[in-house]
Amino acid sequence: MKKVLVIGGSGFLGGYLMDELNRQDFDIHAVMHRRPIGKEYPVSQVHGGIGSVTSELINQIKPSIIYHCARPTLP
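Quick caveat: nothing in here was measured; it's all calculated off a predicted structure. (Residues numbered from 1 in each chain as written. Predicted model: local features only at pLDDT ≥ 70, side-chain atom pairs only at ≥ 80, totals over all residues. Heavy atoms only, no water.)

A.B. asks: I keep staring at the overall build of the chain and nothing clicks. Help me out?
C.D. replies: Along its length, the chain carries two helices and four strands. The C-alpha atoms of the chain give a radius of gyration of 11 Å, which matches the 11 Å a tight globule of 75 residues would have. Referenced to the eigenvectors of the C-alpha coordinate spread, the extents of the chain come out at roughly 40 × 25 × 15 Å. Taken across its 75 residues, the chain has 36% of its residues classed as buried. For the chain, restricting intrachain contacts to residue pairs at least 6 apart in sequence, the fraction spanning at least 24 positions comes to 50%. (Helix = DSSP H or I, 4+ residues; strand = E, 2+ residues; numbered from the N terminus. Rg over C-alpha atoms; globule rule 2.2 N^0.38 Å. Buried < 20%, exposed > 50% of the residue type's maximum accessible area, 1.4 Å probe, protein only. Contact = heavy atoms within 4.5 Å.)

A.B. asks: Would you mind showing me how to read a nonpolar patch on the surface here?
C.D. replies: Together, F12, L13 and Y16 make up a nonpolar patch on the protein surface, roughly 410 Å² of accessible area in all. Position of Y16 relative to the elements: it lies in helix α1 (residues 12–23). (Patch = residues over 30% accessible without salt bridge, like charges linked within 9 Å, V, L, I, M, F, W, Y side chains within 5 Å. Areas by Shrake-Rupley, 256 points an atom, 1.4 Å probe, with all protein chains shown as cover. Salt bridge = Lys/Arg side-chain N within 4 Å of Asp/Glu carboxyl O.)

A.B. asks: Hey, could you run me through unusual backbone geometry in this one?
C.D. replies: Leave glycine aside and you will find that most residues have negative phi; peptide bonds, for their part, are mostly trans. A positive phi angle is found at D25, which is not glycine, with a value near 65 degrees. Relative to the elements of secondary structure, D25 occurs in the loop between α1 and β2 (27–32). Judged by relative accessible area, D25 falls into the exposed class, the value being 52%. Located in the positive-phi region is K62, a residue other than glycine, with phi close to 55 degrees.

A.B. asks: Looking at this structure, how should I read the environment of Q24?
C.D. replies: Within the element layout of this structure, Q24 appears in the loop between α1 and β2. Along the chain, Q24 and K2 lie 22 residues apart, while their C-alpha atoms are 9.9 Å from each other. A polar atom in the side chain of Q24 sits 2.7 Å from the side chain of E20. (Polar contact = N/O pair within 3.5 Å; in protein donor to acceptor, adjacent residues only side chain to side chain.)

Worth remembering: the numbers are spatial, not functional.
Okay, here's the thing in structure tokens:
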């Protein structure tokens, strides 16, 4: 099973992507900022938004694929 990291998994685009990844039986790790990711997904949630995506996190998860669906936060 391929591991995938989804940045912005609880957002508009991320939600559609999570649906498709769930159907294809990926091991999903999703980064969420404010809105929680629905309970319908068997997913490991990473809290803290895009700022929590570090080289340490990537080395820990070792994803085959990284999807960036987060929108930039403006001041």
